[in-house]
Amino acid sequence: LVSVRTEGTVTSVRPWGRTYVAVLDTPQGRFLLRLPFATVTEGMRLSAEGISRPLRRAAGTGFDEERFWRGYGVTAWLAASRLEPTPKQPWNLHRLRYEVSRLLIIHTPALTGAYLRAAWTGYRDASLNEAHRAWGTSHLLAVSGFHVGIVVFSVLLLLRRCPLRIPLLSLLLWVYILLTGAAPSALRAGAMIQAALLAELLGRPRSSVNSVAVAAVSLLLFSPHLFWNVGWRLSVLAAMTITAMAGWGRFAKVRTKVRTWLLLSPLIALVTFPQTAFTFKGVPLVGILLNFVAPTFFSAGFVLASAGA
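Rules of the game
- Residues numbered from 1 in each chain as written.
- Predicted model: local features only at pLDDT ≥ 70, side-chain atom pairs only at ≥ 80, totals over all residues.
- Heavy atoms only, no water.
- Axes fitted to C-alpha atoms, helices over the stretch in contact; angles between N-to-C directions.
- Helix = DSSP H or I, 4+ residues; strand = E, 2+ residues; numbered from the N terminus.
- Parallel < 35°, antiparallel > 145°, perpendicular 65-115°, else oblique.
- Contact = heavy atoms within 4.5 Å.
- Nonpolar A, V, L, I, M, F, W, Y, C, P; charged D, E, K, R; others polar.
- Salt bridge = Lys/Arg side-chain N within 4 Å of Asp/Glu carboxyl O.
- Buried < 20%, exposed > 50% of the residue type's maximum accessible area, 1.4 Å probe, protein only.
- Pairing = 2+ DSSP bridges.
- Core = buried A, V, L, I, M, F, W, Y, C linked by side-chain atoms within 4.5 Å.

Could you clarify how one ought to interpret the packing of helix α5 (residues 145–158) against helix α7 (residues 184–202) in this entry?
For any two helices packed against each other, one specifies the inter-axial angle together with the distance between the axes. Close contact between α5 and α7 brings their axes to 8 Å; oriented N to C, the two are set at 45°. Relative to α7, the element α5 lies oblique. The segment α5 lies against α7, with Gly145, Val148 and Val152 engaging Ser185, Ala186, Arg188, Ala189 and Ile193. Class assignment for the residues of the contact of α5 with α7 results in 5 nonpolar, 2 polar and 1 charged.

Have a look at this one:
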């Protein structure tokens, strides 16, 4: 136990059992704050005093608190004896994320706003998340390579004749990833796309499989605890499956045919099945059928709803 007196920025607030937790980013590291209610918001600058205690490790095969939070850079809990906002509240990306989410709640229809909040800021409505989990399509709500790809492709169409296309695309890519909370799966996609953009800028040949490998290894070197993050694992498995199939000779020859692309959905489900079944204690079979059409429908809906909002 160590006494802590510090200032920091709230980078995340989320439900945790019957309470809430907030991640406080400080010069001494990232701390977890347990809150009875969501009394702080993301981007808020706080002055805190208290006692830090280590994250708990799982005794058996249950949930490992330390492995989970270490993947997000958290080092310890902070039992705060004093917690109050600082006199000056500067603007930052976390505060912008919160404000965008708040505006979507106020100015858009409930269901449309819930989907856009998930795609733009990473906030997921609890009831909508449970519905998609039952349908086997929860990956449509969790910001991942799927969402990053839609954004990059849309921006690429707008900047296709711009001489500064690659620098601008790189900037917008990372702004979007950071605005959505920098989920491990989104970071993997961002690193993969950035590797491909860098290869194009340097005039080097591109390999999708190599880009996935470089992105995965780079993130593990930066934060080895990401290996225990389920979202990161599923993202790498899905991306490696897609890129391996795209680089397969027979697949490449007929990739414009609908029946070939339809093979991807059940194949990804098969590859990720052991991990998803172990983590979520089951996989809805209806999800395999829905995922034949759901990603295409969601892609179009995401772009149109974003433009409308």
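Moving on from the model shown.
What is the right way to look at the pattern of salt bridges in this model?
One side chain can pair with another of opposite charge once the charged atoms of both are near each other. Evaluation of the coordinates by the stated rule reveals 12 salt bridges. Across the salt bridge formed by Glu7 and Arg45, the nearest N and O atoms sit 3.8 Å from each other. With Glu7 in strand β1 (residues 2–16) and Arg45 in strand β4 (residues 45–54), this residue pair connects regions lying 38 residues apart in the sequence. Under the relative-accessibility criterion, Glu7 is labelled partly exposed at 38%.

Explain unusual backbone geometry to me, please; I cannot follow it from the model alone.
Negative phi characterises most residues that are not glycine, and trans characterises most peptide bonds. Positive phi, normally seen in glycine, also occurs at Ala182, with a value near 55°. Inspection of the secondary structure assignment puts Ala182 in the loop between α6 (165–179) and α7. Since its relative accessible area comes to 22%, Ala182 is described here as partly exposed.

Is there a simple way to explain the pairing of β4 in this structure?
Note on strand geometry: in a regular strand, side chains alternate between the two faces of the sheet. Of the pairings in the sheet, the one linking β1 to β4 comprises 8 bridges and is antiparallel in character. Bridging across to β4, Val4 finds its partner in Gly50. Where β4 meets strand β5 (residues 74–85), 9 bridges bridge the pair, whose relative direction is antiparallel. Opposite Arg53, over in β5, you have Trp77 as the bridge partner.

When you look at the nonpolar core in this model, what are you seeing that I'm missing?
The tendency in soluble globular proteins is for nonpolar side chains to be buried side by side. In this structure, Val148, Val152, Leu173, Tyr176, Ile193 and Phe302 are the most contacted members of the largest nonpolar core, which totals 24 residues. At the level of elements, α2 (93–107), α3 (110–121), α5, α6, α7 and α14 (294–308) are the ones that each hand at least two residues to this core. Excluding its chain neighbours within four sequence positions, the residues that come into contact with Ile193 are Val148, Val152 and Leu173. Within the second largest apolar cluster, 14 residues are counted, among which are Leu35, Met44, Ala48 and Ala76.

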